[in-house]
Amino acid sequence: MTHESCHSALHVGFKVARLALQAAAVAAAFCMVKEIHKVHRSIERRDHRK
């Protein structure tokens, strides 16, 4: 493997890793919103029972 092809492969690898991290961040944010929504609904149900 030449130096240029090694550098190119490394660059592509970093791009893939960056995309994977961004996808993980989006998934984590989505899960957080779902959990917050669950808690909010639970609080609303509890308030309606009173």
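Our subject is the structure listed above.
Residues numbered from 1 in each chain as written. Predicted model: local features only at pLDDT ≥ 70, side-chain atom pairs only at ≥ 80, totals over all residues. Heavy atoms only, no water.

Caption draft 1: Structural detail: the overall build of the protein. In terms of regular secondary structure, the protein is built from one helix and zero strands. For 50 residues, the compact-globule estimate of 2.2 N^0.38 gives 10 Å, and the C-alpha radius of gyration of the protein, at 22 Å, exceeds that figure by more than 25%. A principal-axis box enclosing the C-alpha atoms of the protein has dimensions of 75 × 10 × 5 Å. Counting only residues that meet the buried cut, the protein has 0% of its 50 residues in that class. For the protein, the computed accessible surface area is about 5,000 Å², with 68% contributed by carbon and sulfur atoms. Taking the 9 positively charged and 4 negatively charged side chains of the protein as two groups, their mean positions are separated by 7 Å. (Helix = DSSP H or I, 4+ residues; strand = E, 2+ residues; numbered from the N terminus. Rg over C-alpha atoms; globule rule 2.2 N^0.38 Å. Buried < 20%, exposed > 50% of the residue type's maximum accessible area, 1.4 Å probe, protein only. Areas by Shrake-Rupley, 256 points an atom, 1.4 Å probe, with all protein chains shown as cover. Lys, Arg positive; Asp, Glu negative; His and termini not counted. Charge placed at Lys NZ, Arg CZ, Asp CG, Glu CD.)

Caption draft 2: Representation of the pattern of salt bridges. A complete count under the given rule lists one salt bridge for this structure. Residue Glu 35 is joined to Lys 38 by a salt bridge in which the shortest nitrogen-to-oxygen separation is 3.3 Å. In this pair, Glu 35 and Lys 38 are both assigned in helix H1 (residues 3-49), three residues apart and thus about one turn of the helix distant. (Salt bridge = Lys/Arg side-chain N within 4 Å of Asp/Glu carboxyl O.)

Treat this as a map of the structure, not an account of what it does.
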